[in-house]
Amino acid sequence: MEMVATSCPQFTGLRPTLHNARSQPFAQHSNSQLRLSSSRKPCRPVVAMAGSGKFFVGGNWKCNGTKDSITKLVTDLNSAKLESDVDVVVSPPFVYLDLVSSSLTDRIEVSAQNSWIGKGGAFTGEISVEQLKDIGCKWVIHGHSERRHIIGENDEFIGKKAAYALNEGLGVIACIGELLEEREAGKTFDVCFQQLKAFADVVPNWDNVVIAYEPVWAIGTGKVATPQQAQEVHVAVRDWLKKNVSEEVASKTRIIYGGSVNGSNCGELAKQEDIDGFLVGGASLKGPEFATIVNSVTAKKVAA
Ligand code: PGA
């Protein structure tokens, strides 16, 4: 069903109240080469959020840091001035989770980088959702490309872990994204939709899910997606949710971008209508730069 904008959306601050009139469907173009979604013209010169969720910025520290460097990072984050209209989360390595959650300001929530598919027990090397909650963790990342492509996790396993975490009350940052060869073969939407479907098939509800679109070729490479490339996939993901889950979920679920986001490129990316925040790797290891990325929410308030 093609939706055509017939009236100008009404905005209250950053929140559109009539966002359903804005999007063009992408799902039927899943085999096509990517192209600009230039058919959508803003009705007024204000950059707005297509979704109704709050801006969300996560810092994925990956397998980096020592007690000393992490203590300094926490000190920097605790003294950073962060815009209020942003959910901020950091994801330290497991061994420092307790240190971080007990010393970090309440303004920032803590995420794990992985969790087991079920209750704890005889699973050497694994960490259970119950243990994460016990130390104050609120989120967990699943489906990250490093776990998919280096560790070898598949959609089914990722889905199980996400479903268990959500059922037990953790928020899930659900990552999807295509390899360079998949993009070059025109399969970006196919890959992203398949990964998305694996989450959609098992999640109990979408209230605590944030989707992170992270093209694998952009992660840790310094080759950030252009704002248009990112926006194009984000709008396709939102349309997929609208068609396959519900309009409400499509509107409420945050779709954040990850892959070489830094203090210099975050502003232009944040201006894109369907980009609801970021998942940041390398640049999240520097407190002031991470704060700049969090505060890029202000770019959405600037006239286009
Ligand atoms: P990067 O990593 O910002 O270092 O590219 C992003 C991520 O892997 O989440």
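Described below are features of the structure shown in this document. (Residues numbered from 1 in each chain as written. Predicted model: local features only at pLDDT ≥ 70, side-chain atom pairs only at ≥ 80, totals over all residues. Heavy atoms only, no water.)

Right, let's get into the packing of aromatic side chains. What describes a pair of aromatic rings is the distance from one ring centre to the other and the angle between the planes of the rings. Using the criterion set out here, one finds seven aromatic pairs in the structure. Consider the rings of phenylalanine 56 and tryptophan 139, whose centres lie 5.1 Å apart with planes at 70°: the pair is edge-to-face. Of the two residues, phenylalanine 56 is situated in strand E3 (residues 55-60) and tryptophan 139 in strand E6 (residues 139-142); the sequence distance between them amounts to 83 residues. Overall, the relative accessible area of 0% leaves phenylalanine 56 in the buried class. Ring centres of tryptophan 116 and phenylalanine 123 lie 4.7 Å apart, and the angle between their planes is 35°; this geometry places the pair in the tilted category. By the ring-pair criterion, three or more aromatic residues cluster together here, those being Trp116, Phe123 and Phe157. (Phe/Tyr/Trp six-rings, centres within 6.5 Å; stacked < 30°, edge-to-face > 60°. Helix = DSSP H or I, 4+ residues; strand = E, 2+ residues; numbered from the N terminus. Buried < 20%, exposed > 50% of the residue type's maximum accessible area, 1.4 Å probe, protein only.)

For the rest of this paragraph, the subject is the sheet that holds strand E9 (residues 254-258). The parallel closed barrel is built from eight strands, whose spatial order is E3-E4-E5-E6-E7-E8-E9-E10. Taking each pair of neighbouring strands and ignoring which way they run, the sheet shows an average axis angle of 25°. Bridge count between strand E8 (residues 209-213) and E9: four bridges; the pairing is parallel. Considered in E9, the bridge of alanine 212 is made with isoleucine 256. The strands touched by helix H7 (residues 188-200) are E6, strand E7 (171-176) and E8; relative to E7, the strand with the most contacts, the crossing angle is about 155°. Of the strands in this sheet, E7, E8 and E9 touch helix H8 (residues 227-244), which is tilted by about 150° from E9. (Pairing = 2+ DSSP bridges. Axes fitted to C-alpha atoms, helices over the stretch in contact; angles between N-to-C directions. Contact = heavy atoms within 4.5 Å.)

On to the side chain of serine 91. Counting through the fold element by element, serine 91 comes out in strand E4 (residues 86-91). Judged by its relative accessible area of 2%, serine 91 falls in the buried class. At 3.3 Å, the side chain of serine 91 forms a polar contact with the backbone oxygen of alanine 112. (Polar contact = N/O pair within 3.5 Å; in protein donor to acceptor, adjacent residues only side chain to side chain.)

The next point concerns the environment of glycine 136. Its place among the elements puts glycine 136 in the loop between helix H3 (129-134) and E6. The partly exposed category is assigned to glycine 136, whose relative accessible area is 32%. Each C-alpha atom of the pair glycine 136 and valine 100 lies 9.9 Å from the other, and the pair is 36 residues apart in sequence.

Next up on the list: the site of the ligand. The environment of the ligand is formed by 13 residues, the closest being Lys62, His144, Glu214, Gly220 and Ser260. Here an oxygen atom of the ligand and a backbone polar atom of serine 260 are 2.7 Å apart. Split into classes, the residues belonging to the shell around the ligand amount to four nonpolar, seven polar and two charged. (Near = heavy atom within 4 Å. Nonpolar A, V, L, I, M, F, W, Y, C, P; charged D, E, K, R; others polar.)

Our focus in this paragraph is the side chain of asparagine 265. Tracing the backbone through its elements, the reader meets asparagine 265 in the loop between E9 and helix H10 (266-270). When its relative accessible area of 16% is taken as the criterion, asparagine 265 is described as buried. Reaching out from asparagine 265, the side chain makes a polar contact with the backbone oxygen of serine 260 at a distance of 2.9 Å. With residues up to four places along the chain from it excluded, the contact list for asparagine 265 reads Val224 and Ser260.

Turning our attention to unusual backbone geometry. One non-glycine residue, lysine 62, lies in the positive phi region at around 55°. By secondary structure assignment, the location of lysine 62 is in the loop between E3 and helix H1 (67-79). You will see that serine 260, though not glycine, has its phi angle at about 60°, which is positive. Among the structural elements, serine 260 can be located in the loop between E9 and H10. Here serine 260 falls in the buried class, since its relative accessible area comes to 17%.

Helix-helix packing is characterised by the crossing angle of the two axes and by the distance between the axes. As a packed pair, H7 and H8 sit with axes 11 Å apart at the nearest point and diverge in direction by 40°. Considering their axes alone, H7 and H8 lie oblique with respect to each other. Our pair here, H7 against H8, has a crossing hand that is right-handed. Of H8, the residues touching H7 (which contributes Thr188, Phe189, Cys192, Phe193, Leu196, Lys197 and Ala200) are Glu232, Val233, Ala236, Val237 and Trp240. Looking at the contact of H7 with H8 residue by residue, the class counts come to nine nonpolar, one polar and two charged. (Parallel < 35°, antiparallel > 145°, perpendicular 65-115°, else oblique. Left-handed = near helix turned anticlockwise from the far one by under 90°.)

In this structure, Val57, Val100, Ile211, Tyr257 and Phe278 are the most contacted members of the largest nonpolar core, which totals 68 residues. Those residues in contact with isoleucine 211, other than ones at most four positions away along the chain, are Ala174, Ile176, Leu196, Trp206, Val237, Leu241, Thr253, Arg254, Ile255 and Ile256. (Core = buried A, V, L, I, M, F, W, Y, C linked by side-chain atoms within 4.5 Å.)

Let us now look at the pattern of salt bridges. Under the counting rule described, the total for this entry stands at 15 salt bridges. Note that glutamate 153 is salt-bridged to lysine 161, the shortest N-O span being 2.7 Å. Looking at glutamate 153, the relative accessible area reads 9%, which means it is buried. Overall, lysine 161 belongs to the buried group, its relative accessible area being 2%. Two residues, glutamate 268 and lysine 271, come together in a salt bridge whose shortest N-O distance is 3.0 Å. Its relative accessible area of 45% is what places glutamate 268 among the partly exposed residues. (Salt bridge = Lys/Arg side-chain N within 4 Å of Asp/Glu carboxyl O.)

Function cannot be inferred from these measures alone, as they are strictly geometric.
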